[in-house]
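A closer look at the structure
These are the residues of each chain, in order.
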Amino acid sequence: MSWNKQRPSGMPSHRYRNVYDRVAVPLTGRSWPVRELTAAPLWVPVDLRDGNQALAEPMDPARKRRFFELLVRMGYKEIEVGYPSASQTDYDFVRLIAETDLAPEDVTVVVFTPARRDLIERTVESIRGVRNDVVIHLYTATAPTWRDVVLGLDRAGLRETITAAGRDVLALAGDLPNVRFEFSPEVFNLTEPDYVLEICDAVTGLWDAAPDRPVILNLPATVEIATPNVYADQIEYMHRNLARRESVILSVHPHNDRGTGIACAELAVLAGAQRVEGCLFGNGERTGNVDIATLALNLHAQGVDPMIDFSGIDEIRRIVEDCNRIPVHERHPYVGDLVHTAFSGTHQDAIRKGLAEHRARAAASGIPEHELAWRVPYLPVDPADLGRGYEAVIRVNSQSGKGGIAHLLETGYGVELPRRLQIDFARHVQRHTDLGGQEVTAAQLWALFHEVYAPSGPVVVAEFATASTAAGRTVEAVTGLLADAGHGVDVLSLTQQSLEAGSAAEAISFLEYRHHGRAAWAVGTGDSVPAATIAAVVAAANRQAADRVPVR
């Protein structure tokens, strides 16, 4: 391809095998590509276990409790609360739930355990007395490399290890009426399809999965190694071929090693998954677990209720950052500080016009703005849905245009610039930002606006009195006086505007005048329309005197 000038990188890519050389990928006829996401799956946050074990500084009891209370307030109904056999802190937190009313009665708590009898015993001991529904989550790695390198077991030997652990779980907790079971064949996505199906069917048979006491089969992409469609094919294969399917809750647990964990989860739900494990904002080992906040808000943006409340997203982020001791990136979907912000001039103009159209449509229809169908360009969701305002939607730097500048002055100071003045001022702002290379705030824009269009100079009005409030007569009187003093102003147009209550001035006047054969602008403010008009004419005279008018 002559148009592609790229050359080999020199990196040793030959060392790595693609997924199709590592595991048989089942072909199922693929019904998932034609399905639609129409309802939220059951979300299961694993921040307190999987997320916690990935932290450089694991949560202390206070942070863990604060995070749990946040998850409850947001509406999560199944929460993995810890790995009680791994640390005393986790064990004590499960005991706190057992001995207090920390967990509302409609919240199911999940505890995690490896397939080893002594650790299963410790886990079951931790949940004694818990009044809530409980899920005991048993896991073992099943992929060939893990079997060979880590466990030293062949297929038959690993099956016996898993079923023995399954019998231990059943013997120790099978008589507890509020307890259900979950099994994860860790590294499912690199495990042979026939083998993982064999293991999962053996576990659901051992635990006698039934519709009134279903077993959760959780299929992790423990280390993400393929494009998301491969994971979807693997999930659909299990969905179609599992025994006791009506007695199984099919769950997924994608990681984000390739940066496509979100897509893996969404396609997995299309392929038959009913439950998704992940972390708020994607914390977890290596590049993290799948981000269940982004997943939920992706549904919201498609008109599907996520069943979790993100209407206070900034407070949610602050708590998560404090508990994890990890900042959320400014560009993180939905929650980052800059995700609703436009610096580009074309984007700003489109957003400004879209917001104006939204307000006008709401007024015309009688439907409140927060309930009206959303269609503002470049904003996939209304920031107000997430508890945010519109102050940071448009910010100005050297990439910005007249629309963004006008928006900041309008929202910050209630000033609506005439279009030709927007164009003129945008050039001054461009020069200013090019020199400094930094963002400018609304206050800085307002100061620059006055510096350019209302400069001080040789012409000063000591006092005035008007016999008429007509703008035309005021202008005629002032320009006549200025002409007599050698400061003639050739007025082309005058636009006046009242300012919002609480402003330093009550009125502003925008004066367009001719200077050296070209149009130029001056601005005046005052406690009345006549005062603002006089100030604008005086500003024009001073601009002319300084000869600071740019060429159009």
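Residues numbered from 1 in each chain as written. Predicted model: local features only at pLDDT ≥ 70, side-chain atom pairs only at ≥ 80, totals over all residues. Heavy atoms only, no water.

- Looking at an unreviewed UniProt entry, the protein carries the name 2-isopropylmalate synthase, with the source organism given as Amycolatopsis iheyensis.
- Listed in UniProt under the heading Cofactor (unreviewed entry), the comment for the protein reads: "Mg(2+)".
- Looking at the protein in UniProt, the text filed under Sequence similarities (unreviewed entry) is "Belongs to the alpha-IPM synthase/homocitrate synthase family. LeuA type 2 subfamily." (UniProt positions renumbered as here; feature names shortened; annotations may be inferred.)

1. Observations concerning the UniProt feature "binding site: Mg(2+)" (unreviewed entry) in the protein
- Mapped onto the present numbering, the UniProt feature "binding site: Mg(2+)" (unreviewed entry) falls at Asp50, His253, His255 and Asn289. In sequence the annotated residues extend across 240 residues, while in space they remain close, none of their C-alpha pairs exceeding 10.8 Å.
- As for its placement among the helices and strands, Asp50 is situated in helix 2 (residues 47-51).
- Every residue in contact with Asp50, bar those within four places of it in the chain, is listed here: Glu80, His253, His255, Glu285 and Asn289.
- Following the sequence through the fold, Asn289 ends up in the loop between strand 8 (275-278) and helix 11 (292-300).
- Judged by relative accessible area, Asn289 falls into the buried class, the value being 2%.
- Once residues within four sequence positions are removed from consideration, Asn289 is found in contact with Val46, Asp50, Gly51, His253, Pro254, His255, Gly278, Cys279, Gly282, Asn283 and Gly284.
- Polar side-chain contacts of Asn289 include one of 3.1 Å to the backbone oxygen of Asn283. (Helix = DSSP H or I, 4+ residues; strand = E, 2+ residues; numbered from the N terminus. Contact = heavy atoms within 4.5 Å. Buried < 20%, exposed > 50% of the residue type's maximum accessible area, 1.4 Å probe, protein only. Polar contact = N/O pair within 3.5 Å; in protein donor to acceptor, adjacent residues only side chain to side chain.)

2. Here we look at the packing of helix 10 (residues 261-270) against helix 11
- Relative to each other, helix 10 and helix 11 sit at 55°, their axes nearing to 10 Å. For the element pair helix 10 / helix 11, the angle class is oblique. Of the two elements, helix 10 crosses helix 11, and the hand of that crossing is right-handed. Across from Ile262, Ala265 and Glu266 in helix 10, the residues of helix 11 making contact are Thr294, Leu295 and Asn298.
- For the contact of helix 10 with helix 11, the per-class residue count stands at three nonpolar, two polar and one charged. (Axes fitted to C-alpha atoms, helices over the stretch in contact; angles between N-to-C directions. Parallel < 35°, antiparallel > 145°, perpendicular 65-115°, else oblique. Left-handed = near helix turned anticlockwise from the far one by under 90°. Nonpolar A, V, L, I, M, F, W, Y, C, P; charged D, E, K, R; others polar.)

3. Quick notes on the nonpolar core
- Within the largest apolar cluster, 93 residues are counted, with the highest numbers of intra-cluster contacts made by Tyr76, Ile235, Leu280 and Phe310.
- Contact partners of Leu280, with chain neighbours within four places excluded, come to Asp47, Phe67, Leu70, Leu71, Met74, Tyr76, Asp291, Ile292, Ala293, Phe310, Ile316 and Val320.
- Core analysis: the next-biggest nonpolar cluster, separate from the first, contains 22 residues, Val415, Val429, Val452 and Phe510 among them. (Core = buried A, V, L, I, M, F, W, Y, C linked by side-chain atoms within 4.5 Å.)

4. Focus on the sheet that holds strand 10 (residues 507-515)
- Taken together, three strands build an open sheet; the order of strands is 9-10-11 and the sheet is antiparallel. Of all strands in the sheet, those bounded by a partner on one side alone are strand 9 (490-498) and strand 11 (518-526). If you compare each strand with its neighbour and ignore which way they point, the axes differ by 20° on average.
- Where strand 9 lies against strand 10, eight bridges are found, and the strand directions are antiparallel. Bridge pairing links Val491 to Tyr513 in strand 10.
- Contacts from helix 15 (residues 419-436) reach strand 9, strand 10 and strand 11, with the element oriented near 100° to strand 11. (Pairing = 2+ DSSP bridges.)

5. As for the sheet that holds strand 5 (residues 179-186)
- One open sheet accounts for eight strands, arranged 1-8-7-6-5-4-3-2; its pairing is parallel. A single partner strand is all that each edge strand has here, and the edge strands are strand 1 (42-45) and strand 2 (78-82). Averaged over all adjacent pairs, the angle separating strand axes in this sheet is 25°, with direction ignored.
- Helix 5 (residues 117-127) contacts strand 3 (108-114), strand 4 (134-141) and strand 5 of the sheet and is inclined by roughly 160° relative to strand 3.
- Packed on one face of the sheet, helix 11 meets strand 1 and strand 8 and runs near 155° to strand 1.

6. Examining helix 13 (residues 345-365)
- Counted at 1.5 Å a residue, the expected span for helix 13 with its 21 residues is 30 Å, and the 30 Å between its end C-alpha atoms agrees.
- Positive backbone phi, approximately 80°, marks Gly366, located one or two places after helix 13. (Expected span 1.5 Å × (residues − 1).)

7. Looking at unusual backbone geometry
- Although it is not a glycine, Arg325 sits at a positive phi angle of roughly 60°.
- If you trace the backbone, Arg325 turns up in the loop between helix 12 (313-324) and helix 13.
- Here His516, not a glycine, exhibits a phi torsion of approximately 55°, which is positive.
- Take His516: it is sitting in the loop between strand 10 and strand 11.
- On the basis of relative accessibility, which here comes to 61%, the residue His516 falls in the exposed class.

8. A closer look at the packing of helix 9 (residues 228-241) against helix 10
- The N-to-C vectors of helix 9 and helix 10 enclose an angle of 30°; their axes lie 8 Å apart at closest approach. Crossing of helix 9 over helix 10 shows right-handed handedness. Of the residues in helix 10, those in contact with Pro228, Asn229, Tyr231, Ala232 and Ile235 of helix 9 are Ala263, Cys264, Leu267 and Ala268.
- Split into classes, the residues belonging to the contact of helix 9 with helix 10 amount to eight nonpolar, one polar and no charged.

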